[in-house]
Amino acid sequence: MIGPGARPGPTRPGRARLWHLAAIARILWSGAGTGKGAKARLSDLVLLARLVRAGRVRVLTASAGTQGFIIRDGARIHALYTHPRARRRGIGSRLLSEAQAGAQRLELWTGQDNRAARAFYARHGFYPARLSNGSGNDDGLPDVQMIWERNAP
């Protein structure tokens, strides 16, 4: 785990393995998932295990443990999370840069009111493409689709 004031030296992103599952879940639940019940958490673990086995999860680890992860299916980024104590250290940027290096186009959805995420993605060349009222997401909150294209003007 990451200790106070620790400055872990992250390695390059790599394919997640099943032994990363507990760390991935802790990172996921450290934010929005903190109020989930046992049944919802079990459902998350089953889905995460399936995605890890399918090779859709990439992790960034260091001597202090798993620092962050990205879940991607082709051009669609489903999740990008960093450990709360590892934020602002380039973890998300490294994971996103690796995804961009192997793609012509990427897309994702984030909350309309999540200014920090929107600014992060904008710094990495993503632009807002369309807005939704939130009826298509788990939280029912308005979101925005953001797109990155390799040869965008």
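Everything discussed here concerns the structure shown above.
What counts and what doesn't
- Per chain, residues are indexed from 1 in the order of the written sequence.
- With the structure being a predicted model, the display of local features is reserved for residues of pLDDT at least 70 and the display and counting of side-chain atom pairs for 80 or more, all residues being used for whole-chain, interface and lining totals.
- Excluded from the side-chain calculations are hydrogens and water; all other atoms, namely the structure's heavy atoms, are used.
- For the purposes of this entry, the term helix denotes a DSSP run of H or I that reaches at least four residues, the term strand denotes a run of E that reaches at least two, and both are numbered from the N terminus.
- Classification of ring pairs rests on two measures: the distance between centres of Phe, Tyr or Trp rings, Trp counted by its six-membered ring, which must be within 6.5 Å, and the angle between planes, read as stacked under 30 degrees, edge-to-face over 60 and tilted in between.
- Buried means the residue's accessible area, taken with a 1.4 Å probe over protein chains only, is under 20% of the maximum for its type, while exposed means over 50%, and partly exposed covers the values in between.
- By the criterion adopted, a ring carries a charge over it if an Arg CZ or a Lys NZ lies within 6 Å of its centre and within 35 degrees of its normal.
- Only protein atoms enter the 1 Å grid, on which a cavity is a set of points fitting a 1.4 Å probe that cannot get out and a pocket is an open set with protein on both sides within 12 Å along at least 5 of 7 lines, lining residues being those with an atom within 4 Å of a point.
- Grid points are joined across faces, edges and corners, and a volume is the space filled by probe spheres set on the points.
- Only Asp, Glu, Lys and Arg are considered charged, only Ala, Val, Leu, Ile, Met, Phe, Trp, Tyr, Cys and Pro nonpolar, and every remaining residue, Gly among them, polar.
- A side-chain nitrogen of Lys or Arg and a carboxyl oxygen of Asp or Glu constitute a salt bridge if their distance falls within 4 Å.

1. Structural notes on unusual backbone geometry
Although it is not a glycine, arginine 88 adopts a positive phi angle of roughly 65°. Considering the arrangement of structural elements, one finds arginine 88 in the loop between strand 4 (76-82) and helix 3 (91-101).

2. What about the packing of aromatic side chains?
The geometry of an aromatic ring pair is captured by two quantities: the separation of the ring centres and the angle between the planes. Evaluated as defined, the whole model comprises 3 aromatic pairs. Measuring from centroid to centroid gives 5.2 Å for phenylalanine 120 and tyrosine 121, while their planes differ by 70°, and the two rings are edge-to-face. In this structure, phenylalanine 120 and tyrosine 121 share a single accessibility class: buried. Ring-pair connections join several aromatic residues into one group, and the members of that group are Phe120, Tyr121 and Phe126. A cation over an aromatic ring shows up here: arginine 41 above the ring of tryptophan 29, its NZ or CZ 4.4 Å from the ring centre.

3. Regarding the layout of surface pockets
Here the largest pocket defines a volume of roughly 1900 Å³. Around the largest pocket sit 50 residues that line it, and His78, Ala79, Leu80, Tyr81 and Trp109 are the ones nearest its centre. Taken together, the elements giving at least two residues each to the lining of the largest pocket come down to helix 1 (21-29), helix 2 (38-53), strand 3 (65-73), strand 4, helix 3, strand 5 (105-111) and helix 4 (115-123). Looking at the lining of the largest pocket element by element, the count peaks at 7 residues for strand 4. Tallied by class, the residues present in the lining of the largest pocket amount to 23 nonpolar, 14 polar and 13 charged.

4. Section: the pattern of salt bridges
In total, this model carries 4 salt bridges according to the counting rule given. Residue arginine 105 is joined to glutamate 149 by a salt bridge in which the shortest nitrogen-to-oxygen separation is 4.0 Å. A residue pair is termed long-range when its members are at least 10 positions apart, and arginine 105 in strand 5 and glutamate 149 in strand 7 (residues 143-149) qualify at 44 residues. Arginine 105 gets classed as partly exposed once you look at its relative accessible area, which sits at 32%. In this structure glutamate 149 comes out as partly exposed when scored by relative accessible area, which is 32%.

As far as function goes, none of this settles anything; it's purely spatial.
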